[in-house]
Amino acid sequence: MTTTTAPHAPYKQLRRPTTDRMVAGVASGLGRYFAVDPTLVRVIFAVSGLLTGGLALFAYPIMWFLMPEEPASAPAWPHPAGAAPQGPPTPPPAG
């Protein structure tokens with residue numbers, strides 16, 4: 001009996017999710033990558049933009065351009081701590 005699982009990267013990947021996004025998914029992707037609430041990342045973007053006179057807000061479009069979008073087949077997030085994403089369950093063998 002063999003089981004197959006969907007291939008996954010052995011490391012975290014910084015990607016923009018297709019769900020849970022307000023503009024482009026940059027804050028949500030950063031939140032997922034660093035395991036913090038995306039709202040906190042959005043607040044940090046806003047505060048840093050105010051403190052730097054808007055200069056820090058140039059990072060957002062740059063990250064939007066550089067961060068790849070999450071594929072549609074990506075598993076739901078967040079994964080349990082330490083658990084790798086699993087493929088769909090395989091049916092038991094007939095017999």
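Shown above is the structure to which this text applies.
Residues numbered from 1 in each chain as written. Predicted model: local features only at pLDDT ≥ 70, side-chain atom pairs only at ≥ 80, totals over all residues. Heavy atoms only, no water.

**Topic: the packing of helix α1 (residues 26-34) against helix α2 (residues 38-51)**
Here comes step 1: Two numbers describe how α1 lies on α2: the axes approach to 8 Å, and their chain directions differ by 120°. By the angle between their axes, α1 is oblique relative to α2. In this structure, α1 meets α2 at a crossing whose hand is right-handed. When α1 is examined against α2, the residues V26, A27, S28, L30 and G31 are found in contact with a partner set consisting of P38, V41, R42 and F45.
Here comes step 2: A class-by-class count of the residues in the contact of α1 with α2 yields six nonpolar, two polar and one charged. (Axes fitted to C-alpha atoms, helices over the stretch in contact; angles between N-to-C directions. Helix = DSSP H or I, 4+ residues; strand = E, 2+ residues; numbered from the N terminus. Parallel < 35°, antiparallel > 145°, perpendicular 65-115°, else oblique. Left-handed = near helix turned anticlockwise from the far one by under 90°. Contact = heavy atoms within 4.5 Å. Nonpolar A, V, L, I, M, F, W, Y, C, P; charged D, E, K, R; others polar.)

**So, a nonpolar patch on the surface**
Here comes step 1: Together, L55, F58, I62, F65 and L66 give the surface a local cluster of nonpolar side chains, amounting to about 630 Å² of exposed area.
Here comes step 2: With respect to the element layout, I62 can be found in helix α3 (residues 59-66). (Patch = residues over 30% accessible without salt bridge, like charges linked within 9 Å, V, L, I, M, F, W, Y side chains within 5 Å. Areas by Shrake-Rupley, 256 points an atom, 1.4 Å probe, with all protein chains shown as cover. Salt bridge = Lys/Arg side-chain N within 4 Å of Asp/Glu carboxyl O.)

**Focus on the packing of α1 against α3**
Here comes step 1: Orientation of α1 relative to α3, taken along the N-to-C sense of each, is 75°, at an axis distance of 10 Å. With respect to α3, the element α1 is oriented roughly perpendicular. For the pair formed by α1 and α3, the contact residues are V26, A27 and L30 on the first element and Y60, M63 and W64 on the second.
Here comes step 2: Grouping the constituent residues of the contact of α1 with α3 by class yields six nonpolar, no polar and no charged.

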